[in-house]
Amino acid sequence: MADREQVVGVRKNGDGDIVELKLSSGQVVGYKEAQQMAKNDQIENVNVFRGRDGDEHLRSNPDGREDNNLDNLPGF
């Protein structure tokens, strides 16, 4: 299997929600596409979970660090 991508940046909307993610290859993908890629194990260190709201959400794998949480990644 090819090397998996890493999320290196995020773009947020006016509400502070992540709408696009920038990957280590330079590719920019929408939130829903990133969820599908995570499900397909194409992106490292992220997973998809179903929130209390019933929707699926993307999050970084818990590793005790906050600097690599999706919300804390640099914008682009």
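Details of the structure are given in the entry above.
Quick caveat, the model's predicted, so the values are computed rather than measured.

(A) Representation of the pattern of salt bridges. As enumerated under the stated definition, the model contains six salt bridges in all. Note that Lys-12 and Asp-71 form a salt bridge whose closest N and O atoms lie 3.5 Å from each other. Taken together, the residues Lys-12 in strand E1 (residues 7-12) and Asp-71 in the segment after strand E5 (56-60) connect sequence positions 59 residues apart. For Lys-12, a relative accessible area of 36% translates into the label partly exposed.

(B) Structural context of the pairing of E1. The pairing of E1 with strand E2 (residues 18-23) spans five bridges and is antiparallel. Across the sheet, the residue bridging to Arg-11 is Glu-20, located in E2. Connecting E1 to the next strand, E2, in antiparallel fashion are five residues, including Gly-16 with a positive phi near 85°.

Parameters at a glance
Residues numbered from 1 in each chain as written. Predicted model: local features only at pLDDT ≥ 70, side-chain atom pairs only at ≥ 80, totals over all residues. Heavy atoms only, no water. Salt bridge = Lys/Arg side-chain N within 4 Å of Asp/Glu carboxyl O. Helix = DSSP H or I, 4+ residues; strand = E, 2+ residues; numbered from the N terminus. Buried < 20%, exposed > 50% of the residue type's maximum accessible area, 1.4 Å probe, protein only. Pairing = 2+ DSSP bridges.

Geometric descriptors of this kind do not, in isolation, establish any biological role.
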